[in-house]
Amino acid sequence: MVDPTTRRPEAPAMPAHEAQPEGRAPERAPARSAAGSMVTAAPDPGLPLRRNAPLVPTDSAASRSLAAVIAILTFLAGLCAGTAEMVATSAGQWQGSVAREVTIQVRPGPGRDIDADLAKAQGIAKAEPGIAEARAFSKAEAERLLEPWLGSGLDLSDLPVPRLITLKLGTPAPDLKHLRASLTDALPGVASLDDHVLWLQRLSTMANTFVGVGIGIVALVLVATGLAVAFATRGAMAGNKEVVEVLHFVGADDDFIARAFQRRFFGLGLRGGAIGAGSALLAFALAGLLSRAWRSGPAGDEIEALFGAFSVGWRGYASVLAIGVIASLVTGVVSRLTVRRFLA
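Residues numbered from 1 in each chain as written. Predicted model: local features only at pLDDT ≥ 70, side-chain atom pairs only at ≥ 80, totals over all residues. Heavy atoms only, no water.

Caption draft 1: Representation of the overall build of the protein chain within the structure. When you go through the protein chain residue by residue, the secondary structure sums to 10 helices and 6 strands. The burial tally for the protein chain puts 30% of its 344 residues in the buried class. Intrachain contacts of the protein chain at a sequence separation of at least 6 include 80% that bridge at least 24 residues. Of the roughly 22,300 Å² of accessible surface on the protein chain, a fraction of 62% belongs to carbon and sulfur atoms. (Helix = DSSP H or I, 4+ residues; strand = E, 2+ residues; numbered from the N terminus. Buried < 20%, exposed > 50% of the residue type's maximum accessible area, 1.4 Å probe, protein only. Contact = heavy atoms within 4.5 Å. Areas by Shrake-Rupley, 256 points an atom, 1.4 Å probe, with all protein chains shown as cover.)

This is how it looks when you write it as structure tokens:
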């Protein structure tokens, strides 16, 4: 038993250099447990806690690479969509201009006066209701039409070159069946009417095929974008596996984690889609400027005949912008689905 009168030894005095300065609260010594081990004081709950880094890295090499891939794919898809829209618009203009005209072909024959037959066919066409104009091509003009196939500088005087009459249709439209029958009765085997229906059908088929191919390419590009995002999301999930486990441990559900990844990848898709769509619009604008500059040169007529004024139009620009938005949405949706599948 210990004698209560026995005095406990006093603690040694604190050295002068370790004394607390005036006006400063003394530091709290770390508490010791019953076993004598040091116990660290818990942080003050009133202090704000800051997250030094987001769940998904915002500026990493993988993120920049994914944004570049999305930008390139969006650029290619925008070019396909804009070109398809331009071809469809040009084909519609061609069909409209060709459908407003029909052609009468007068063939020369032995013992016949081609000029008299031409004048007779032109008179029959002018007498038909609904014909706004009937213009007969001269012999030189008819021979000039053959130069793209036969070349220039040839003497075609000995060849039986047909003569043409172009008819512009008015409103109301004429009865072409009646006109064809009249020409057949007046000039059998000599005059024939061509309403260009076969050529219009082929042009429509070509334009629709080109538009369908463009839509298919855009769909494939969007699928490739989704696959790239899926692989990038799985890589990000694997790289942040410990963080995801800690979030699960503290009570975060799968929706919280999926939303974090979705927001990040949607931002990457939005950035890449904006860059790709803007580059496609810039490319079309530069192509339009170059086509207007070349129009004054020798190849200007051929370019204008093939592409028209090389104007994409508001629907083409709208389709390019829509592809940029769709690429962003695909990026966000695919990343969310990939995360949910990874966590399942």
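Caption draft 2: Spotlight on the sheet that holds strand 3 (residues 101–106). Read across the open sheet, the 4 strands follow the order 4-5-3-6; overall the sheet is antiparallel. In this open sheet, the two edge strands, each paired with only one partner strand, are strand 4 (131–136) and strand 6 (191–194). The average angle at which neighbouring strand axes cross in this sheet is 20 degrees, direction not considered. In this sheet, strand 6 lies alongside strand 3 in antiparallel orientation, the contact comprising 4 bridges. (Pairing = 2+ DSSP bridges. Axes fitted to C-alpha atoms, helices over the stretch in contact; angles between N-to-C directions.)

Caption draft 3: Fine view of the packing of helix 6 (residues 197–239) against helix 10 (residues 313–343). Where helix 6 meets helix 10, the closest approach of the two axes is 8 Å, and the angle between their N-to-C directions is 40 degrees. Here helix 10 runs oblique to helix 6, going by the angle between their axes. Taken as a pair, helix 6 and helix 10 cross one another with a handedness that is right-handed. Along the contact surface, helix 6 presents Val218, Leu222, Thr225, Gly226, Val229, Ala230, Thr233, Arg234 and Met237, while helix 10 presents Ile323, Ile326, Ala327, Val330, Thr331, Val334, Ser335, Thr338, Val339, Phe342 and Leu343. Of the residues contributing to the contact of helix 6 with helix 10, the split by class is 13 nonpolar, 6 polar and 1 charged. (Parallel < 35°, antiparallel > 145°, perpendicular 65-115°, else oblique. Left-handed = near helix turned anticlockwise from the far one by under 90°. Nonpolar A, V, L, I, M, F, W, Y, C, P; charged D, E, K, R; others polar.)

Caption draft 4: Region of the structure containing the packing of aromatic side chains. Summed over the entire model, instances satisfying the criterion amount to 0 aromatic pairs. Directly above the aromatic system of Phe137 lies the positively charged group of Arg135, at a separation of 4.6 Å from the ring centroid. (Phe/Tyr/Trp six-rings, centres within 6.5 Å; stacked < 30°, edge-to-face > 60°. Lys NZ or Arg CZ within 6 Å of the ring centre and 35° of its normal.)

Caption draft 5: How the structure looks around the layout of surface pockets. Of the volumes computed, that of the largest pocket is approximately 460 Å³. Lining the largest pocket we find 16 residues, and of these Leu145, Leu146, Trp149, Leu164 and His196 sit closest to its centre. Looking at the lining of the largest pocket, the elements with two or more residues in it are helix 3 (139–144), helix 4 (147–150) and helix 6. The dominant element in the lining of the largest pocket, judged by the number of residues it contributes, is helix 6, at 3 residues. When grouped by side-chain class, the residues that make up the lining of the largest pocket number 12 nonpolar, 2 polar and 2 charged. (1 Å grid on protein atoms, 1.4 Å probe; cavity = no way out; pocket = protein on both sides within 12 Å on 5 of 7 lines; lining within 4 Å. Points joined across faces, edges and corners; volume = space filled by probe spheres on them.)

Caption draft 6: Structural view of the UniProt feature "transmembrane region" (unreviewed entry) in the protein chain. If you check UniProt for "transmembrane region" (unreviewed entry), the listed places come out as residues 210–232, 268–294 and 314–334 in our numbering. The distance separating the terminal C-alpha atoms of residues 210–232 is 33 Å; by composition the span is 100% helix and 0% strand. The span residues 314–334 carries 100% helix and 0% strand; its end-to-end C-alpha distance comes to 30 Å. (UniProt positions renumbered as here; feature names shortened; annotations may be inferred.)

Caption draft 7: Expanded view of the pairing of strand 5 (residues 163–169). Sheet analysis places strand 3 next to strand 5, joined by 6 bridges and oriented antiparallel. Paired with Val102 across the two strands is Leu167, which belongs to strand 5.

Caption draft 8: Region of the structure containing the environment of Leu337. Counting through the fold element by element, Leu337 comes out in helix 10. Along the backbone, Leu337 and Thr233 are 104 residues apart, and their C-alpha atoms lie at a distance of 9.7 Å.

Caption draft 9: A look at the nonpolar core. In this structure, Ile104, Val106, Ile165, Leu167, Leu183 and Leu193 are the most contacted members of the largest nonpolar core, which totals 19 residues. At the level of elements, strand 3, helix 2 (114–127), strand 4, strand 5, helix 5 (176–186) and strand 6 are the ones that each hand at least two residues to this core. Ranked by residues supplied to this core, first place goes to helix 2 with 5 residues. Residues Leu247, Leu268, Val339 and Leu343 belong to the second largest nonpolar core, which totals 16 residues. (Core = buried A, V, L, I, M, F, W, Y, C linked by side-chain atoms within 4.5 Å.)

Caption draft 10: Representation of helix 5 within the structure. Taken together, the buried positions of helix 5 are Leu176, Leu179 and Leu183. Buried residues along helix 5 cover an arc of 60 degrees about the axis, so they all sit on one side. Away from the buried face of helix 5 by more than 90 degrees, exposed residues Lys177 and Asp185 are located. In this structure, the buried side of helix 5 is in contact with strand 3, helix 2, strand 4, strand 5 and strand 6. (Arc of directions from axis to C-beta.)

Caption draft 11: Quick peek at a nonpolar patch on the surface. A grouping of Phe266, Leu270, Val325 and Leu329 is seen on the molecular surface, where their side chains present a nonpolar patch of about 340 Å² in accessible area. At the level of elements, helix 8 (254–294) and helix 10 are the ones that each hand at least two residues to the nonpolar patch. Mapped onto the fold, Phe266 is located in helix 8. (Patch = residues over 30% accessible without salt bridge, like charges linked within 9 Å, V, L, I, M, F, W, Y side chains within 5 Å. Salt bridge = Lys/Arg side-chain N within 4 Å of Asp/Glu carboxyl O.)

Caption draft 12: Molecular detail of unusual backbone geometry. At the junction of Thr171 and Pro172, the peptide bond is cis and its omega measures out at 0 degrees in the coordinates. Note on placement: Pro172 falls in the loop between strand 5 and helix 5. Phi angles above zero are rare outside glycine, and His196 is one such case at about 60 degrees. Here His196 lies in the loop between strand 6 and helix 6. You can call His196 buried: its relative accessible area is 17%.

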